[in-house]
Amino acid sequence: MNQIDVKTSTPDVKNWFKAFELCSYNDLKIVMLGYDPYPQKGVATGILFGNPKDTIDLSSSLEIIKESCINLEVPRNSIIFDPTLESWCRQGILMLNSALTTKIGYTGVHTMIWRPFIKHLLIKLSEYNTGIIYVLFGDIAKSFKPFIGKNNIILEEKHPAYYARTNTRMPSKIFLDLEQLIKFKYNEKNIGFLKGRDFWKLLDYTPAEMESLLELAAELKYKKKNGIVHDYFRGK
């Protein structure tokens, strides 16, 4: 870690181990592993895929994760998404990048610096607690698979950046599988991704209101992608 210049690195040094601070070992049920932190200054928070609290335009990776969680095939009231993903951490999900830092404006710069740390962490966790479920997003995360004990459950998915590049939707199956596994292994019925105390907050909107909000979200996403300026929220 002495090789890292804190002045030119992201996230801020106080957030390097934020994921560990928010997810206690006693509550740990799931480890999600990705790639680098966001390289843009002020975006990375120390939480895998997480954005700062007051973010208006979500990062493309987080947008993909959000859409995958929603699973529009399941009817429900309207939802509010937590862009920080800190609520996920507090429920026992360790949200880790495979490198806890990177140089501002660059990706992969600190990969080999952090690799021994992540490798040792996975070896020890999987050795002493075979109840943990591991979710590996992308090829870099999958390269750590040999360091996870064979008696542990490992799920694999493409990194959200892949779906952003190809303009496709990440299947909801990864989150549905996690819900079922948590219920089976821990007998917890309230760990679902779309339940009040979990990753989403439910509000009492009508189906018509929910449909209207989804249509608006789709329109805003289209305008953003195509660089179309709008005044919908001017003065709000």
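Residues numbered from 1 in each chain as written. Predicted model: local features only at pLDDT ≥ 70, side-chain atom pairs only at ≥ 80, totals over all residues. Heavy atoms only, no water.

Asker: Describe unusual backbone geometry, with residues and values.
Answerer: A cis geometry characterises the amide bond from Thr10 onward to Pro11, with omega recorded as 5°. For Pro11, the position within the fold is in the loop between strand 1 (9-10) and helix 1 (18-22). With phi around 60°, Leu85 is a residue other than glycine that occupies positive phi space. Inspection of the secondary structure puts Leu85 in the loop between strand 3 (79-81) and helix 3 (86-89). With a relative accessible area of 0%, Leu85 lands in the buried category. Even without glycine at this site, Asn167 takes up a positive phi of about 55°. Note that Asn167 resides in the loop between helix 6 (160-166) and helix 7 (173-186). Classification of Asn167 by relative accessible area gives exposed; the value is 53%. (Helix = DSSP H or I, 4+ residues; strand = E, 2+ residues; numbered from the N terminus. Buried < 20%, exposed > 50% of the residue type's maximum accessible area, 1.4 Å probe, protein only.)

Asker: Outline the nonpolar core, listing residues and values.
Answerer: Ranked by internal contacts, the top residues of the largest apolar core, which has 51 residues, are Met32, Trp88, Met95 and Phe175. Elements with a minimum of two residues in this core: strand 2 (30-33), helix 2 (60-70), helix 3, strand 4 (93-96), helix 4 (111-128), strand 6 (133-137) and helix 7. (Core = buried A, V, L, I, M, F, W, Y, C linked by side-chain atoms within 4.5 Å.)

Asker: Describe the sheet that holds strand 4, and please don't skip the residues or the numbers.
Answerer: Strand order in the open sheet formed by four strands is 4-2-6-7, with parallel pairing between adjacent strands. Strands at the two margins of the open sheet, each flanked by one partner only, are strand 4 and strand 7 (153-157). Going across the sheet, the axis of each strand differs from the next one's by a mean of 15°, ignoring polarity. This element, helix 4, spans strand 2, strand 4 and strand 6 of the sheet and lies at about 160° to strand 2. (Pairing = 2+ DSSP bridges. Axes fitted to C-alpha atoms, helices over the stretch in contact; angles between N-to-C directions. Contact = heavy atoms within 4.5 Å.)

Asker: Describe the packing of aromatic side chains, listing the residues and the values that go with them.
Answerer: Going through the model one piece at a time under the given rule, you end up with ten aromatic pairs. With a centroid separation of 5.3 Å and an interplanar angle of 85°, the aromatic rings of Phe49 and Phe137 are classed as edge-to-face. Of this pair, Phe49 sits in the loop between strand 2 and helix 2 while Phe137 is found in strand 6, placing the two residues 88 residues apart along the sequence. Considered together, Phe49 and Phe137 belong to a single accessibility category, that of buried residues. Ring geometry for Tyr162 and Tyr163: centres 5.2 Å apart, planes at 80°, overall edge-to-face. What makes Tyr162 partly exposed here is its relative accessible area of 32%. The exposure class of Tyr163 is buried, given its relative accessible area of 6%. Among the aromatic residues, ring-to-ring pairing joins Trp16, Phe17, Phe20, Trp114 and Phe117 into one connected group. Against the face of Phe144 rests Arg115, its NZ or CZ located 4.2 Å from the ring centre. (Phe/Tyr/Trp six-rings, centres within 6.5 Å; stacked < 30°, edge-to-face > 60°. Lys NZ or Arg CZ within 6 Å of the ring centre and 35° of its normal.)

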